[in-house]
Amino acid sequence: MDMFTLFAVKLIQVLIIAQVMLLTVSYLVYFERKISAWAQSRVGPNRVGPAGLLQPFADVLKLLLKEDIMPEKANKLVHIIAPIIALFVAFTTYAVIPIGPDITLFGLNIPLSVAPEIDMGILYVLALTSIGVYAITFSGWSSGSKYSLLGGIRSSAQMISYEISMGFAIAGVLLMAGSTLPTKIVELQSGWMWNAIVQPIGFIVFVVSAFAETNRLPFDLPEAEPELVGGFHTEYSSMKFAGFFLAEYANMIIASALIVTLYLGGWQIPYIETLGWAPEIVIPLQIGAFAFKLGALLFFFIWVRWSLPRFRYDQLMDLGWKVMFPLSLINIVWVAAIIMIFGIK
Amino acid sequence: MELAEILFLAFASIAVVTAIFTVISRSPVISALFLVINFGALSGLYLLLSAQFLSVVQVIVYAGAIMVLFLFVLMLLRPEKEDKYFVVNRKMKIFAVIVGLFLFGQLAFAIFASDIGQTVSIESSRSEQIGKIAYIGENLYTTYLFPFEAIAFVLLVATIGAIVISKKKLD
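Residues numbered from 1 in each chain as written. Chains lettered and ligands numbered in written order. Predicted model: local features only at pLDDT ≥ 70, side-chain atom pairs only at ≥ 80, totals over all residues. Heavy atoms only, no water.

Notes on the side chain of Asn38(B)
Residue placement: Asn38(B) occurs in helix α2 (residues 28-48). Once residues lying within four places of it in the same chain are set aside, the contact partners of Asn38(B) are Ala15(B), Thr18(B) and Ala19(B). (Helix = DSSP H or I, 4+ residues; strand = E, 2+ residues; numbered from the N terminus. Contact = heavy atoms within 4.5 Å.)

Next comes the structure, spelled out in structure tokens:
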């Protein structure tokens, strides 16, 4: 593939992923409202379009038409930059996540991931999520409001604490795969050798950390309504608020995609290759399997939010440092032992 | 111009400009913000030198962990009154200028006294190899095992020290 075709292919991939992402994010908000309604025996949005299906568009229009209020004591530049950082992180992390095996289209071999061969692989996701903390920290600081500041500080502490367990949980997966490339990690989970089954402790630690990192209930202390009004985004309105709102849902999708890639076998369907079907049937099925796993996890995220109460701040820190961190270390020892005994390499 | 050159100029100019703003900004939080952008640009420069691991670690460790802790402290202490510090303490200002000039002189000497005309040439395939995670990991655990473990020990001592000191204040 020459430089120009490569560039064109990547551009198309990026555009498709960005569009699908935006659409998924807006419908995720719709599903969140529908599932919450179902959990609380209500009807949920049902006015705009059939079964309320056009609700996301109405929401976006509403947010666009709202007045954009800039607090008097805010640091203007940082106040505007913060939601941009949040969205930037939320939409760039997808580059390394493979949604299917390599396909051949018009005689070109196309991997279904924007940047499949970069050596840092999964570490790229970690680097970007660690930048994501700034969106919340800066929005909290720049608003010039005590609620925002408290939310921002809480959030930085929370994200740093859980990033450590998350990093160690990923280390277990990397030990198993012997590579940081997501494509390789997925390929090595063929059959039922899913990492969720081989290293269940790491899986649980990662899922809990993912909830904490995306600021979802039961860990949504940065925006705990009863105590902090709206937390870090108290002073945000109109599309700047929508930026944070979209970023939260986009982050949920990234977290789910990461869990699928690292622990649930990615796009693999166990033993589908033994059926001997043609690749034209198998590959769409595999992409569908990725979407199905992703959807199931997203449902789980929403389900948990409407089932569990919020943690207290000290409970959150205790869980992070005294339970999740030791568990992630135990997981590394466990994986190392498995590799030693069975000689998986 | 080649793509690599354009990218180098872009990253290098961002790094220089943000470094200047880090020093001259009045608010410490804004300073920190520029320092983070500076780290980002630096990580881009590492990437251009095909040091993939170094560039990603630069972001994870410096931009993602250390600067967040800095910001955390800055936001808790709210050091807005500090900008009058040098107005009140004239002697400290003179001292700071002298130390600054001394450091600048040292750096300038180190750069200009070294042989700048000399070009280091490594084949690009080899430098690509060196930047990869597998190569770095292998060397850390074989050739440089002792220094690596020694650094790990020093860090452990520092961590325990920090915990002991903060515990004392609580009791």
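And the narrative resumes.
Digging into the packing of aromatic side chains
Residues and elements named next belong to chain A. Under the definition given, this model contains 18 aromatic pairs over all chains. A ring pair is formed by tyrosine 30 and phenylalanine 31, whose centres lie 5.5 Å apart and whose planes are at 70 degrees; its orientation type is edge-to-face. Overall, tyrosine 30 belongs to the buried group, its relative accessible area being 6%. Note on phenylalanine 206 and tyrosine 263: the rings are 5.4 Å apart at their centroids and 45 degrees apart in plane angle, and the pair reads as tilted. Of the two residues, phenylalanine 206 sits in helix α8 (residues 200-213) while tyrosine 263 sits in helix α10 (residues 238-263), which places them 57 residues apart along the sequence. Note on accessibility: phenylalanine 206 and tyrosine 263 belong to one class, buried. Connected via pairs of aromatic rings, a cluster forms that spans Trp38, Phe211, Phe299, Phe300, Phe301 and Trp303. (Phe/Tyr/Trp six-rings, centres within 6.5 Å; stacked < 30°, edge-to-face > 60°. Buried < 20%, exposed > 50% of the residue type's maximum accessible area, 1.4 Å probe, protein only.)

Section: the packing of helix α4 (residues 122-142) of chain A against α10(A)
All names here are of chain A. Closest axis-to-axis distance for the α4/α10 pair is 13 Å, and the angle between their directions is 155 degrees. Between α4 and α10, the angle is such that the two are roughly antiparallel. When the axes of α4 and α10 are compared, the crossing they make is left-handed. Judged by residue contacts, Ile122, Val125, Ala135 and Ser139 of α4 engage Phe244, Leu258 and Leu262 from α10. Each residue belonging to the contact of α4 with α10 can be placed in one class, and the counts come to six nonpolar, one polar and no charged. (Axes fitted to C-alpha atoms, helices over the stretch in contact; angles between N-to-C directions. Parallel < 35°, antiparallel > 145°, perpendicular 65-115°, else oblique. Left-handed = near helix turned anticlockwise from the far one by under 90°. Nonpolar A, V, L, I, M, F, W, Y, C, P; charged D, E, K, R; others polar.)

Some points on the environment of Gly131(B)
Take Gly131(B): it is sitting in helix α6 (residues 124-131). Relative accessible area serves as the criterion here: at 8%, Gly131(B) is assigned to the buried category. Separated by 83 residues in sequence, Gly131(B) and Leu48(B) have C-alpha atoms that sit 11 Å apart. Sequence-distant contacts of Gly131(B), defined by excluding residues within four places in its chain, comprise Asp119(A), Ser50(B), Ala51(B), Gln52(B), Phe53(B) and Ile136(B).

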